[in-house]
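Chain by chain, the residues run as shown.
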Amino acid sequence: MIKLFASDLDGTLFNLAHMMDPAIRSALKAVTASGAHFAVATGRAMRSTDDFGFRGVPIEAVCSNGAIVLDRSGRAIKSYPIDPAFLKELVEAFPGACLECVGLDRTYVTGSFEDLMSGFVAKGGVASQVKMAALRIRRRQMRSDCVFGQGADDVVAHDICKVNARVADPGLEAELKAFLAEHEREATNAPFNPVMFEITAAGVDKGAALEWLAGYLGIELSEVAVYGDGGNDVAMLERFEHAYATGSGADDAKRAAGNVIGSCAAYAVPRHMVATVRAQGAVGAYTRID
């Protein structure tokens, strides 16, 4: 019996516009009403379990690629800060990169708001443009969470759990990748998309944090089902036997999951979760997704 469902957001649980909608909300309420837990498993920073449209749905959250775990009240019950010495070296080594340093309370940005937004430029077709538009909107909405113009000493004054960056210059990108390769004992880079950098402490990922959460809730690993679509989901999909990737997901995510269930455009993940609790005979699982 599956007692804990966990899903990535963009390209997985959320719709094509990268947002919550009534159909998804209905499915989540059916799942949690059945007695099962639902956990967000995202690279996004979350300050509350009400963020991103989840208000009114009882969820846990594995956020910032597993660096921060929130309980249903939104309280941080586990976190994995990055080593301050490594963090200071990173910030000082790359003054030309706009680094988003995610703390437990705020996000500390080494550049300006304009520097941050300049990284979100669409490359490619319509899907890329939609994704970038959604990211730009989200960054604007979360502007109040950010403190801009931060130097290395400002950043290391806080417990920083994740560093995000989008680097447009190929030379700077190569230098940053080389730097991280030299510091693999201190840090892990697991971006959802190759054009991103998503840096956490070494060994920190969605899968490890979700395993911790399952133990905290008294749930066996065989009672967990996970869903993902990108590079930052691979460790999670590999860790659990009940793992599913969406049809539009990255090839490495599909290989890691071993099961492909359809597209977020067709609500594949909400449908699969509802079908699972319904098959388990759970009361409250009888919802319809049109």
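Please read these numbers as outputs of a predicted model, since none were measured by experiment.

Draft legend 1. Spatial organisation of the sheet that holds strand E2 (residues 37-41). One open sheet accounts for 7 strands, arranged E5-E4-E3-E2-E1-E12-E13; its pairing is mixed. Because the sheet does not close on itself, it has two edges, and the strands there are strand E5 (76-79) and strand E13 (242-245). For this sheet, the mean angle separating the axes of adjacent strands, direction not counted, is 15°. As judged from the 4 bridges shared by strand E1 (residues 4-7) and E2, these two strands associate in the parallel manner. Considered in E2, the bridge of Ser7 is made with Val40.

Draft legend 2. Seen up close, the environment of Ala208. Topologically, Ala208 is positioned in helix H8 (residues 206-217). A sequence separation of 31 residues divides Ala208 from Arg239, and the C-alpha atoms of the two residues are 8.1 Å apart. Sequence-distant contacts of Ala208, defined by excluding residues within four places in its chain, comprise Gly203 and Arg239.

Draft legend 3. Fine view of the sheet that holds strand E7 (residues 107-109). Pairing is mixed in the open sheet, where 6 strands are placed in the order E8-E7-E6-E9-E11-E10. Unpaired on one side and paired on the other, strand E8 (146-147) and strand E10 (187-189) mark the two borders of the sheet. As paired strands, strand E6 (residues 100-103) and strand E9 (residues 160-166) are joined by 4 bridges and run antiparallel to one another. Bridging from a neighbouring strand, Glu100 pairs with Asn164 of E9.

Draft legend 4. Representation of the packing of helix H2 (residues 22-33) against helix H11 (residues 268-279) in the model. The interhelical angle for the contact between H2 and H11, taken along N-to-C directions, is 25°, at an axis separation of 9 Å. By the angle between their directions, the pair H2 and H11 is classed as roughly parallel. In this structure, H2 meets H11 at a crossing whose hand is left-handed. Of the residues in H11, those touching H2 at Ile24, Ala27, Leu28 and Val31 are Pro270, Met273, Val274 and Val277. Across the contact of H2 with H11, the residue classes tally to 8 nonpolar, no polar and no charged.

Draft legend 5. Broad picture of the nonpolar core. If you look at the biggest cluster of nonpolar residues, it comprises 32 residues, and the most contacted ones within it are Phe5, Leu13, Leu28, Phe38, Val40, Phe54 and Met273. Among the secondary structure elements, those contributing two or more residues to this core are helix H1 (9-13), H2, E2, strand E3 (60-63), strand E4 (68-70), strand E12 (224-228) and H11. Ranked by residues supplied to this core, first place goes to H2 with 4 residues. When neighbours within four sequence positions are excluded, Phe38 is seen to be in contact with Leu4, Phe5, Ser7, Leu13, Leu28, Thr32, Phe54, Pro58, Ile59, Glu60 and Met273.

Draft legend 6. Main features of the pattern of salt bridges. On inspection of all chains with the given rule, the structure shows 12 salt bridges. Across the salt bridge formed by Asp10 and Arg44, the nearest N and O atoms sit 2.8 Å from each other. Residue Asp10 is located in helix H1, and its partner Arg44 is located in the loop between E2 and E3; the two are separated by 34 residues in the primary sequence. The pair formed by Asp10 and Arg44 is uniform in burial state, with each residue classed as buried. Put simply, Glu198 and Lys162 hold a salt bridge, and the shortest N to O gap is 2.9 Å. Residue Glu198 is found in strand E11 (residues 196-201), and its partner Lys162 is found in strand E9; the two are separated by 36 residues along the sequence. Connected via shared salt-bridge partners are Asp8, Lys206 and Asp233.

Draft legend 7. Summary view of the environment of Ala187. For Ala187, the location among the structural elements is in strand E10. The class for Ala187 is buried, based on a relative accessible area of 7%. In the structure, Ala187 is positioned 17 residues away from Val204 in sequence and 8.4 Å away in space, judged by C-alpha atoms. Excluding its chain neighbours within four sequence positions, the residues that come into contact with Ala187 are Phe86, Ile199, Thr200, Ala201 and Ala202.

Calculation rules
- Residues numbered from 1 in each chain as written.
- Predicted model: local features only at pLDDT ≥ 70, side-chain atom pairs only at ≥ 80, totals over all residues.
- Heavy atoms only, no water.
- Pairing = 2+ DSSP bridges.
- Helix = DSSP H or I, 4+ residues; strand = E, 2+ residues; numbered from the N terminus.
- Axes fitted to C-alpha atoms, helices over the stretch in contact; angles between N-to-C directions.
- Contact = heavy atoms within 4.5 Å.
- Parallel < 35°, antiparallel > 145°, perpendicular 65-115°, else oblique.
- Left-handed = near helix turned anticlockwise from the far one by under 90°.
- Nonpolar A, V, L, I, M, F, W, Y, C, P; charged D, E, K, R; others polar.
- Core = buried A, V, L, I, M, F, W, Y, C linked by side-chain atoms within 4.5 Å.
- Buried < 20%, exposed > 50% of the residue type's maximum accessible area, 1.4 Å probe, protein only.
- Salt bridge = Lys/Arg side-chain N within 4 Å of Asp/Glu carboxyl O.

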